[in-house]
Amino acid sequence: MKVLVINCGSSSIKYQLFEMTDESVLASGLVEKIGTDAAIIKQETPDREELVLTSEILDHRDGLNKVLSLLMSKEHGVIQSADEISAVGHRVVHGGEFFSESVVITSEVRQAIRKTIDLAPLHNPPNLLGIDAAQAQLSNAVHVAVFDTAFHQTMPDYAFMYPIPRVLYQKHRIRRYGFHGTSHKYVAQKAAEFLGRPLDELKLIIAHIGNGASLSAVEYGKSVDTSMGMTPLEGLMMGTRSGDIDPAIVPFVMAKEDLTLGEVQSMLNKHSGLLGVSGLSGDMREVTEAMFDGNPQAKLAIEMYVYRLRKMIGGYFAAINGADALIFTAGVGENASLIREKVCSGLSYLGIEINLEENSVRRKEERKISTPQSKIDVLVVPTNEELMIARDAKNLVSSH
Ligand SMILES: Nc1ncnc2c1ncn2[C@@H]1O[C@H](COP(=O)(O)OP(=O)(O)O)[C@@H](O)[C@H]1O
Ligand SMILES: CC(=O)OP(=O)(O)O
Ligand SMILES: [Mg+2]
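As the structure is a prediction and not an experimental result, all values here were calculated from the model.

A. Focus on the side chain of His94. As for its position among the elements, His94 is in the loop between β6 (85–92) and β7 (103–104). Those residues within four positions of His94 in sequence are excluded, and the remaining contacts are Thr116, Leu119, Ala120, Asn124, Phe147, Thr149, Tyr177, Phe179 and Met230.

Laid out in structure tokens, this is it:
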């Protein structure tokens, strides 16, 4: 069975085509700069060179059309006909309180995703465009929605409520939802397998640190807290997002800098975090390089990133009264040994001790980086949100 996984951003489409009999990736790619006459399609297939095409792509439908043509083309294709695709798994960022698991997309499901646009104005509209485009062009496939928020629906109320007037929750569903749930769930399962223990006996703290970053506490298989909130802006310092700040800064900056609310939102989402502090980049590799070249702003950005992450990890250990393992995942978590080292070196009071040699190895598989004496296992577990989405889609097709 072949499953296409789609992740639509405002001007991009990320996709992966899986053969689910062995969970192999037949093709993966990215369409960028949708809405321009110089959109870029990059596609990788296992035994060919990466393909890069530039063309005019007006909208998501057009983009997806070109992706399908590419997947079926004589020269670069991996399938003969679109009918080979049995299911399409769509990443949907916000499922509000409607969804605690993945679902086959029906008109009711579409309605519910629409209703959460208010809560996720940056994410859900492009996700819906992707669903529309794919349903139009792959009308024989079963379409499945997989929500970033679903895994965190198990959070208790004292973790998900904000200390603001309760009527705002009742009227507008203002609460913490959390994101990256597909990744946190996948990583929790992988970690349990790696440790050789049942997930429902483990307490895990997971740091998903990529461009977006979030921490989760997974107790006996269930998410009981996570650092992102009503939107993916809350919590840790990220590549370009501020994470937690005093909310009073918003009206203050609007007044002092004569900015609109939209401009301040854009500042906090796109021009803050590593980028805002370093003044250079939101990419951890570039900021690290600049730090080693002696750039003081880059050094400060990394110190803040690590300090805030370590402080929150400590808080999560307190929140669930200790844990069996601390796990790093996503772009920074999987690759930046320096960040892992800096974070863990300040957690020795918890009995955490990492093996610097193990920590410096880069491998695309699960591994332990703590010493045998460490009271808590520290793991690196590569995440795979796309595979998790493909599995959910496959399972729902089978039961459909
Ligand atoms: N070798 C590396 N060393 C340090 N940081 C890295 C390395 N490789 C990737 N990263 C960082 O990972 C981040 C991207 O993470 P990723 O999980 O791919 O992001 P996204 O949230 O877009 O999926 C970037 O900040 C990038 O610099
Ligand atoms: C929800 C979210 O923050 O996603 P990403 O990390 O992909 O930006
Ligand atoms: Mg990612």
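B. Broad picture of the site of ligand 2. Lining the immediate environment of ligand 2, one finds Arg91, Asp148, Phe179, His180, Gly212, Met228, Pro232 and Arg241. Interatomic distance of 3.1 Å between a side-chain N/O atom of Arg91 and an oxygen atom of ligand 2. At a separation of 2.6 Å, an oxygen atom of ligand 2 approaches a polar side-chain atom of Arg241. Coverage of ligand 2 by the protein chains reaches 81% of its 270 Å² of free accessible surface. In terms of residue class, the shell around ligand 2 is made up of three nonpolar, two polar and three charged.

C. Spatial organisation of the site of ligand 1. Around ligand 1 there are 13 residues in total, and Asn211, Asp283, Met284, Arg285 and Gly331 lie nearest to it. Within the backbone of Gly331, a nitrogen or oxygen atom sits 2.9 Å from an oxygen atom of ligand 1. A distance of 3.5 Å separates a nitrogen atom of ligand 1 from a polar side-chain atom of Arg362. Bound to the protein, ligand 1 loses 73% of the 580 Å² it would expose on its own.

D. Summary view of the environment of Tyr177. Here Tyr177 is to be found in the loop between α5 (167–172) and α6 (181–195). Aside from chain neighbours lying at most four places away, what touches Tyr177 is His94, Gly96, Glu97, Leu119, Thr149, His152, Gln153, Met155, Thr226, Gly229 and Met230. Within the structure, the side chain of Tyr177 is placed 2.7 Å from the backbone oxygen of Arg173, a separation counted as a polar contact.

E. Quick peek at the UniProt feature "binding site: substrate" (unreviewed entry) in the protein. Sites flagged by UniProt as "binding site: substrate" (unreviewed entry) map to Arg91. Of note, Arg91 is situated in strand β6. Among residues more than four places away in sequence, those in contact with Arg91 are Ile6, Asn7, Asn127, Val146, Asp148, His180, Glu385 and Ile389.

F. Local environment of the nonpolar core. Counting 45 residues, the largest nonpolar core has Leu215, Phe317, Leu326, Ile339 and Ile352 as the members making the most contacts within it. A per-element tally of this core places helix α11 (residues 296–319) first, with 10 residues. The contact partners of Ile339, leaving out residues within four places of it in the chain, are Met284, Ile302, Tyr305, Val306 and Val332. With 31 residues, the next largest nonpolar core counts Ala188, Leu204, Ala393 and Val397 among its residues.

G. Main features of helix α1 (residues 60–72). An ideal rise of 1.5 Å per residue puts 18 Å on 13 residues; α1 measures up with 18 Å between its terminal C-alpha atoms. Of all the residues in α1, the buried ones are His60, Asp62, Gly63, Leu64, Val67, Leu68, Leu70 and Leu71. Where α1 starts, the residue carrying a side-chain oxygen 3.3 Å from the main-chain nitrogen of Arg61 turns out to be Asp59.

H. Structural context of the layout of surface pockets. Size it by volume and the second largest pocket reaches roughly 270 Å³. As for the second largest pocket, its lining consists of 16 residues, and the residues nearest its centre are Ser100, Glu101, Ala150, Phe151 and Lys185. Secondary-structure elements contributing two or more residues to the lining of the second largest pocket are β8 (142–147), α6 and α15 (385–399). For the lining of the second largest pocket, a count of residues per class yields five nonpolar, seven polar and four charged.

I. Up close: the pairing of strand β10 (residues 213–219). The buried fraction of β10 amounts to six of the seven residues, a majority that puts the element mostly inside the structure. In sequence, strand β9 (residues 203–209) turns back onto β10 through a hairpin of three residues. Both β10 and strand β11 (residues 222–226) contribute to a ladder of four bridges, which runs antiparallel. Note that in β11 the partner of Val218 across the bridge is Ser223. Here β10 folds back onto β11, and the loop between the two strands holds two residues, one of which, Tyr220, carries a positive phi near 50°.

J. Region of interest: the pattern of salt bridges. Counted by the stated rule, this structure contains 19 salt bridges. Ionic pairing is found between Arg91 and Asp148, a salt bridge with its closest N-O pair at 2.7 Å. A residue pair is termed long-range when its members are at least 10 positions apart, and Arg91 in strand β6 and Asp148 in the loop between β8 and α4 (157–160) qualify at 57 residues. For Glu193, the salt bridge identified is with Lys190, shortest N-O distance 4.0 Å. Of this pair, Glu193 and Lys190 both sit in helix α6, separated by three residues, roughly a single helical turn. Owing to a relative accessible area of 57%, Glu193 belongs among the exposed residues under this scheme. One salt-bridge network, in which partners are shared between bridges, spans Lys2, Glu19 and Glu84.

K. Here's a closer look at empty space enclosed by the protein. The final tally for this structure, using the stated rule, is one cavity of 30 Å³ or more. In this structure, the largest cavity is lined by Ile209, Ala213, Leu236, Met237, Tyr305, Arg308 and Leu309. Top contributing element to the lining of the largest cavity by residue count: α11, with three residues. Here the lining of the largest cavity is composed, by residue class, of six nonpolar, no polar and one charged.

Thresholds, definitions, all that
- Residues numbered from 1 in each chain as written.
- Chains lettered and ligands numbered in written order.
- Predicted model: local features only at pLDDT ≥ 70, side-chain atom pairs only at ≥ 80, totals over all residues.
- Heavy atoms only, no water.
- Helix = DSSP H or I, 4+ residues; strand = E, 2+ residues; numbered from the N terminus.
- Contact = heavy atoms within 4.5 Å.
- Near = heavy atom within 4 Å.
- Polar contact = N/O pair within 3.5 Å; in protein donor to acceptor, adjacent residues only side chain to side chain.
- Areas by Shrake-Rupley, 256 points an atom, 1.4 Å probe, with all protein chains shown as cover.
- Nonpolar A, V, L, I, M, F, W, Y, C, P; charged D, E, K, R; others polar.
- UniProt positions renumbered as here; feature names shortened; annotations may be inferred.
- Core = buried A, V, L, I, M, F, W, Y, C linked by side-chain atoms within 4.5 Å.
- Buried < 20%, exposed > 50% of the residue type's maximum accessible area, 1.4 Å probe, protein only.
- Expected span 1.5 Å × (residues − 1).
- 1 Å grid on protein atoms, 1.4 Å probe; cavity = no way out; pocket = protein on both sides within 12 Å on 5 of 7 lines; lining within 4 Å.
- Points joined across faces, edges and corners; volume = space filled by probe spheres on them.
- Pairing = 2+ DSSP bridges.
- Salt bridge = Lys/Arg side-chain N within 4 Å of Asp/Glu carboxyl O.

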